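So you can see what is in the structure, the chains are spelled out below.
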Amino acid sequence: MKWMHLTVELVTGFVLLFLVVKVAGKKLIHQISPFTFISALVLGELLGNALYDDHVHLWYIIYSISLWGALLLLVEYMNQKWLSFRRLSEGKPTALIRNGIIDYEALKKNRMTLNQLQSLLRQSETFSLREVAYCYLEANGSISVLKKSKYQKTTREDFQLPPQSVYVPITLIRDGELLIDELRELGKDEEWLRRVLRAYGVASYQEVLIAEWLEGDGLFVQTYS
């Protein structure tokens, strides 16, 4: 009887969760916002705890999942109805880079490091910060990137040009700290770097938010101010 009871609870929970996802919309899976992330966790916990608690009966599972699904639908309705509520529940995109300049305060506010920003940019096929005109952190944690016009995607075949070698940018300074291993990998020394920084009006590493070298394009430097 216990196995039969567990089977009925599992099948019922599976059907209810399937219906909640179908009715609440694909956003619950594909467009994870803070609210939908918490909702997915709670739905799983409701079913999981109910299955292994002998004092919880089938009707409690049906009631709890149905009520939570109804609350999800209510929130979605309010999102569509009122813009102010949508901003509260879903948040809004945050500009991390404007006009090619990193907004360091926005990074700190969103508890994001330069390493994480560079990683997300690489996942968006953007390997150098100098390519970026605007970068927005979306509510679901992904980023949207608008490249500067000269870096927007074209193919050399479009202009019947011969292929050229490509290079990976090397970060030499991040958060005011010199990355000595990367500098040595580039085959340069600190005297060379200081001389190049002076050309940008930079006196010390501590003034630099990020400095990045790209072969054929030189050094890209952004300071804290």
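As shown above, the structure is provided for reference.
Everything numeric in this text was worked out from a predicted model, so none of it was measured.

This brings us to the sheet that holds strand 2 (residues 101-102). Taken in spatial order, the 4 strands make up an open sheet running 2-1-3-4, and their pairing is antiparallel. The open sheet is flanked by strand 2 and strand 4 (143-147), the only strands paired with a single partner. Here 2 bridges tie strand 1 (residues 94-98) to strand 2, and the two strands are oriented antiparallel to one another. Paired with Arg-98 across the bridge in strand 2 is Ile-101.

Taken as a class, soluble globular proteins show a tendency for nonpolar side chains to be buried jointly. The biggest cluster of nonpolar side chains holds 18 residues, and the ones touching the most others in it are Ile-102, Leu-117 and Leu-129. When residues of this core are traced back to their parent elements, those giving at least two are strand 1, helix 6 (104-109), helix 7 (114-123), strand 3 (132-137) and strand 7 (208-214). It is helix 7 that provides the largest number of residues to this core, a total of 4 residues. Each residue touching Leu-129, except ones within four places of it in the same chain, is listed here: Ile-97, Ile-102, Leu-117, Gln-118, Leu-121, Ile-210, Glu-212 and Phe-220.

This part is about the sheet that holds strand 5 (residues 170-174). The strand order 6-5-7-8 describes an open sheet built from 4 strands, whose pairing is antiparallel. The open sheet has two free edges, formed respectively by strand 6 (177-178) and strand 8 (218-223), since each of these has just one partner strand. With 6 bridges joining them, strand 7 and strand 8 adopt antiparallel strand pairing. Note that in strand 8 the partner of Trp-213 across the bridge is Leu-219.

What follows is about the packing of aromatic side chains. As enumerated under the stated definition, the model contains 3 aromatic pairs in all. Ring geometry for Tyr-134 versus Tyr-136: centroids 6.5 Å apart, planes at 10°, classification stacked. Centroid distance Trp-192 to Trp-213: 5.3 Å. Interplanar angle 75°. Geometry classified as edge-to-face. Residue Trp-192 is found in helix 9 (residues 190-199), and its partner Trp-213 is found in strand 7; the two are separated by 21 residues along the sequence.

Here we come to unusual backbone geometry. For Glu-125, which is not glycine, the phi dihedral falls at a positive 60°. Within the secondary structure layout, Glu-125 lies in the loop between helix 7 and strand 3. In this structure Glu-125 comes out as exposed when scored by relative accessible area, which is 52%. Of note in this structure, Asp-175 is not a glycine but carries a positive phi near 55°. Position of Asp-175 relative to the elements: it lies in the loop between strand 5 and strand 6.

What counts and what doesn't
- Residues numbered from 1 in each chain as written.
- Predicted model: local features only at pLDDT ≥ 70, side-chain atom pairs only at ≥ 80, totals over all residues.
- Heavy atoms only, no water.
- Pairing = 2+ DSSP bridges.
- Helix = DSSP H or I, 4+ residues; strand = E, 2+ residues; numbered from the N terminus.
- Core = buried A, V, L, I, M, F, W, Y, C linked by side-chain atoms within 4.5 Å.
- Buried < 20%, exposed > 50% of the residue type's maximum accessible area, 1.4 Å probe, protein only.
- Contact = heavy atoms within 4.5 Å.
- Phe/Tyr/Trp six-rings, centres within 6.5 Å; stacked < 30°, edge-to-face > 60°.

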